[in-house]
Amino acid sequence: MTRPASAKRRSLLGILAAGTICATALSHAAIPARADSLGDTGQAIIHADEHPENWLSYGRTYSEQRYSPLDQINRSNVGNLKLAWYFNLDSNRGQEGTPLIVDGIMYATTNWSKMKALDAATGKLLWEYDPRVPGNIADKGCCDSVNRGAGYWNGKVYFGTFDGRLVALDAKTGKKAWEVNTIPADASLGKQRSYTVDGGVRIAKGLVLIGNGGAEFGARGFVSAFDAETGKLKWRFFTVPNNKNEPDHAASDNVLMTKAYRTWGPNGAWVRQGGGGTVWDSIVYDPVSDLVYLAVGNGSPWNYKYRSEGVGNNLFLGSIVAVKPETGEYVWHFQATTMDQWDYTSVQQIMTLDVPINGQMRHVVVQAPKNGFFYMLDAKTGEFLAGKNYVYENWASGLDPLTGSPIYKPESLWTLNGNFWYGIPGPLGAHNFMAMAYSPKTHLIYLPAHQIPFGYQNQVGGFKPHPDSWNIGLDMTKTGLPDSAEARSAYLKDLKGELLAWDPVKMETVWQIDHKGPWNGGVLATGGDLLFQGLANGEFHAYDDTNGADLYKFDAQSGIIAPPVTYSVNGKQYVAVEVGWGGIYPISMGAMGRTSGWTVNHSYVAVFSLDGTAKLPTMNELGFLPIKPPAEYDTKEAAKGYFQYQTYCQTCHGDNGEGSGVLPDLRWSGAIRHQDAFYNVVGRGALTAYGMDRFDTSMKPEEIESIRQYLIKRSNETYQREVDARKNDQGIPQTPIVGITPQ
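Residues numbered from 1 in each chain as written. Predicted model: local features only at pLDDT ≥ 70, side-chain atom pairs only at ≥ 80, totals over all residues. Heavy atoms only, no water.

Time to look at the overall build of the chain. When you go through the chain residue by residue, the secondary structure sums to 13 helices and 39 strands. Over its C-alpha trace the chain gives a radius of gyration of 25 Å, about what one expects of a compact globule, namely 27 Å for 743 residues. Once the C-alpha set of the chain is aligned to its principal axes, its extents read approximately 80 × 65 × 50 Å. Within the chain, counting contacts between residues at least 6 apart in sequence, those at least 24 apart form 63% of the total. Total accessible area on the chain is roughly 25500 Å²; 51% of this is exposed by carbon and sulfur atoms. (Helix = DSSP H or I, 4+ residues; strand = E, 2+ residues; numbered from the N terminus. Rg over C-alpha atoms; globule rule 2.2 N^0.38 Å. Contact = heavy atoms within 4.5 Å. Areas by Shrake-Rupley, 256 points an atom, 1.4 Å probe, with all protein chains shown as cover.)

Let us now look at the pattern of salt bridges. Throughout the structure, instances matching the rule amount to 41 salt bridges. Measuring nitrogen to oxygen at the nearest pair gives 3.4 Å for the salt bridge that ties Arg165 to Glu179. Of this pair, Arg165 sits in strand S9 (residues 165-170) while Glu179 sits in strand S10 (residues 176-181), placing them 14 residues apart in sequence. Relative accessible area serves as the criterion here: at 13%, Arg165 is assigned to the buried category. Across the salt bridge formed by Arg667 and Glu658, the nearest N and O atoms sit 3.8 Å from each other. Glu658 carries the same exposure label as Arg667, and that label is buried. One continuous salt-bridge network, built from bridges that share partners, spans Asp483, Arg488, Glu658, Asp665, Arg667, Lys713, Arg714, Glu717, Arg721, Glu722 and Arg726. (Salt bridge = Lys/Arg side-chain N within 4 Å of Asp/Glu carboxyl O. Buried < 20%, exposed > 50% of the residue type's maximum accessible area, 1.4 Å probe, protein only.)

In this section: the packing of aromatic side chains. Going through the model one piece at a time under the given rule, you end up with 37 aromatic pairs. Look at Phe316 and Tyr330: their rings are 5.9 Å apart centre to centre, the planes differ by 25°, and that puts the pair in the stacked class. With a gap of 14 residues between them, Phe316 in the loop between helix H5 (304-308) and strand S19 (319-323) and Tyr330 in strand S20 (residues 330-335) connect regions that are remote in the sequence. Relative accessible area serves as the criterion here: at 0%, Phe316 is assigned to the buried category. Joined through ring pairs, the aromatic side chains of Trp302, Trp414, Phe454, Tyr456 and Trp470 make up one cluster. Positioned over the ring face of Tyr58 is Arg66, at 4.6 Å from the centre of the ring. The positively charged end of Arg220 is found above the aromatic ring belonging to Phe238, 4.1 Å away from the centroid. (Phe/Tyr/Trp six-rings, centres within 6.5 Å; stacked < 30°, edge-to-face > 60°. Lys NZ or Arg CZ within 6 Å of the ring centre and 35° of its normal.)

Now for unusual backbone geometry. Cis geometry is adopted by the peptide bond preceding Pro301, which originates at Ser300 and carries an omega value of 0°. Examined against the element boundaries, Pro301 turns out to sit in the loop between strand S18 (299-300) and H5. One non-glycine residue, Asn245, lies in the positive phi region at around 55°. With respect to the helices and strands, Asn245 occurs in the loop between strand S14 (233-238) and helix H3 (253-260). For Asn245, a relative accessible area of 23% corresponds to the partly exposed category. Here Met339, not a glycine, exhibits a phi torsion of approximately 55°, which is positive. Looking at where Met339 falls in the secondary structure, it is placed in the loop between S20 and strand S21 (350-357).

Where helix H12 (residues 675-682) meets helix H13 (residues 701-725), the closest approach of the two axes is 10 Å, and the angle between their N-to-C directions is 115°. Put simply, H12 runs roughly perpendicular to H13. Between H12 and H13 lies a crossing of right-handed hand. For the pair H12 and H13, contact is made by Gln675, Phe678, Tyr679 and Val682 and by Pro701, Ile704, Glu705, Ile707, Arg708 and Leu711, respectively. (Axes fitted to C-alpha atoms, helices over the stretch in contact; angles between N-to-C directions. Parallel < 35°, antiparallel > 145°, perpendicular 65-115°, else oblique. Left-handed = near helix turned anticlockwise from the far one by under 90°.)

Right, let's talk about the state of the cysteines for a bit. Taken as a whole, this structure holds one disulfide when the rule is applied. Disulfide partner of Cys142: Cys143, at an S-S distance of 2.0 Å. One quick way to see it: the torsion about the S-S bond of Cys142 and Cys143 is about -95°, and its sign makes the bridge left-handed. When its relative accessible area of 17% is taken as the criterion, Cys142 is described as buried. Looking at Cys143, the relative accessible area reads 22%, which means it is partly exposed. Of all cysteine sulfurs, the one in Cys652 lies closest to Cys649, which takes part in no disulfide; the gap is 8.7 Å. When its relative accessible area of 10% is taken as the criterion, Cys649 is described as buried. What makes Cys652 partly exposed here is its relative accessible area of 27%. (Disulfide = S-S within 2.5 Å.)

Structural data, given as structure tokens:
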């Protein structure tokens with residue numbers, strides 16, 4: 001078994017907080033002899049296996065393999081795992097965070113960018129910090145007001161806020177050390193400037209690295225590096241060109257002006273919208289190559305014809321870009337999806353590995369982005385080494401064996417041919433933010449994959465941006481699913497979720513676990529020959545990492561999308577995960593968001609051990625109950641309201657006006673009963689503090705009223721079937737999708 005932390009060893013927190021320390025004060029088993037005020041935490045992360053009791057960085061190590069050598073909990077005893085403690089969170093939105101653990105203290109970020117410091121052995125709250133993100137910021141983000149995690153460096157914890165700030169706190173007290181706005185007011189960012197920050201913070205060489213999101217609305221992507229001690233900006237790298245091909249006075253100027261700008265149509269909608277390319281998830285520092293890898297997202301708008309006049313590869317969308325950590329200077333790039341028009345981001349997790357290729361060990365970068373292909377690149381040069389689809393896809397016939405560029409199927413180029421396209425993967429990808437893991441014992445990558453098709457159709461009449469809504473160049477009324485048993489049953493058959501055990505050398509699936517549906521949680525691999533994963537159906541599982549055998553199941557009473565972590569305190573191993581169902585799939589998919597079964601969102605931190613004694617109370621599983629709606633509505637206005645609803649409301653409250661257990665189901669809202677009440681909420685922002693912004697500058701009063709008429713229509717159409725579905729002993733629907741019976 002892995003040895004527990006020595007009781008005689010100095011506290012790691014004390015070592016790291018000290019800044020500059022005499023070499024003789026360090027245990028040889030802790031941090032290497034020389035540690036300076038900027039490098040000591042980095043060395044601790046590099047040598048993480050020497051203190052496996054901690055989880056110091058987002059992926060535990062800079063390689064982001066999410067593997068821990070701890071093995072006290074193992075294949076032989078995991079069946080005895082029990083809940084050790086839980087800590088309720090003050091939001092029922094989604095939770096995607098990776099907690100950090102430093103010397104027995106857990107630092108967990110939660111929805112609305114809040115930070116909790118907890119005793120990692122007991123769950124006792126030590127301190128908490130609320131940056132007070134304004135509620136109206138919620139509608140600037142595409143996919144829930146989540147936060148994926150903090151960074152730790154020399155006695156401080158760092159995290160981004162949904163409204164674009166970067167905050168540094170004293171790790172012991174929670175007192176704010178400094179705060180900066182990461183979105184530059186004077187930069188060329190397009191007219192929409194709809195920025196949010198929800199990604200996990202990474203720190204390397206004393207620099208805090210942070211990106212942003214917002215391309216669905218309108219934004220220009222960039223990554224910023226701030227001094228960890230002072231908060232001073234050190235460098236910034238923009239991922240798409242300045243729309244006038246002018247200098248930004250940034251690290252990216254030369255490569256954007258000489259290489260990237262010519263890959264864009266000079267008069268496309270990107271000039272107004274910013275072009276996208278936001279880096280909202282993976283940023284990885286590799287100490288072996290001494291490079292930082294930036295994982296770049298989709299175009300703004302999605303529609304390639306409108307965005308770039310249907311010309312050019314649009315660098316650096318859908319790419320991995322390598323830069324020097326000290327300066328942000330460009331080194332190399334690899335573009336996985338040229339001419340992107342499907343929202344096939346490459347922001348997904350980047351991992352570094354050492355693998356044998358043609359009899360020689362190579363240090364490589366691997367990634368499974370949204371487009372359904374798995375890529376392996378040389379970490380130092382970006383050379384394409386191998387690639388293959390890890391799931392079924394219908395947009396490409398393969399990859400060019402020399403360059404790794406996709407070989408398109410002509411029918412998939414929907415923006416150019418003008419046809420409707422039923423794409424697999426859809427914009428939620430074959431893999432999203434859910435973390436994958438790698439075990440050096442099995443040499444397998446454990447990849448949470450899914451299939452969520454999507455209907456693509458050009459926006460009628462060309463690109464027309466709307467304030468306070470998605471601006472992607474699609475006909476939003478065509479992205480919805482008809483409310484018929486036939487259509488829902490057919491689509492349900494195409495929705496899949498699975499955990500793949502992927503051999504990155506042979507480029508093949510060794511075994512897989514089929515889940516009930518998509519949108520399951522991230523994965524943790526451990527030295528105990530185990531994998532841990534939470535599921536959309538509210539279960540938390542432990543699997544045998546050699547064959548996928550299900551060894552443990554816990555009823556968490558809420559869907560889980562976050563990745564687990566493991567750590568130890570006083571020689572006892574724990575496994576922890578943030579529980580909370582959310583993200584874009586359940587908030588936007590309507591009834592289809594319940595593919596895995598009925599679940600009601602509850603948010604808390606769950607921690608397990610072999611001797612746990614805690615009991616989770618029975619939580620409300622009824623959800624939003626149907627209420628008999630007003631009987632009368634204006635059919636003509638309701639028809640107009642469908643367009644307004646799909647444009648402004650669908651991505652938060654669900655397709656066809658149906659919720660799936662996270663944000664309020666508007667069919668049963670009391671506000672739809674009275675025109676003034678509805679306008680007070682939607683037009684005047686009566687619920688702004690809760691994340692419901694005002695839309696009186698985006699829509700006219702009669703347009704807002706048409707949405708109310710549409711919701712009354714939908715509530716009348718669905719009320720009786722919702723009531724009938726609850727006529728059982730549990731009082732909840734027993735089929736995944738209300739209104740159909742799965743075949």
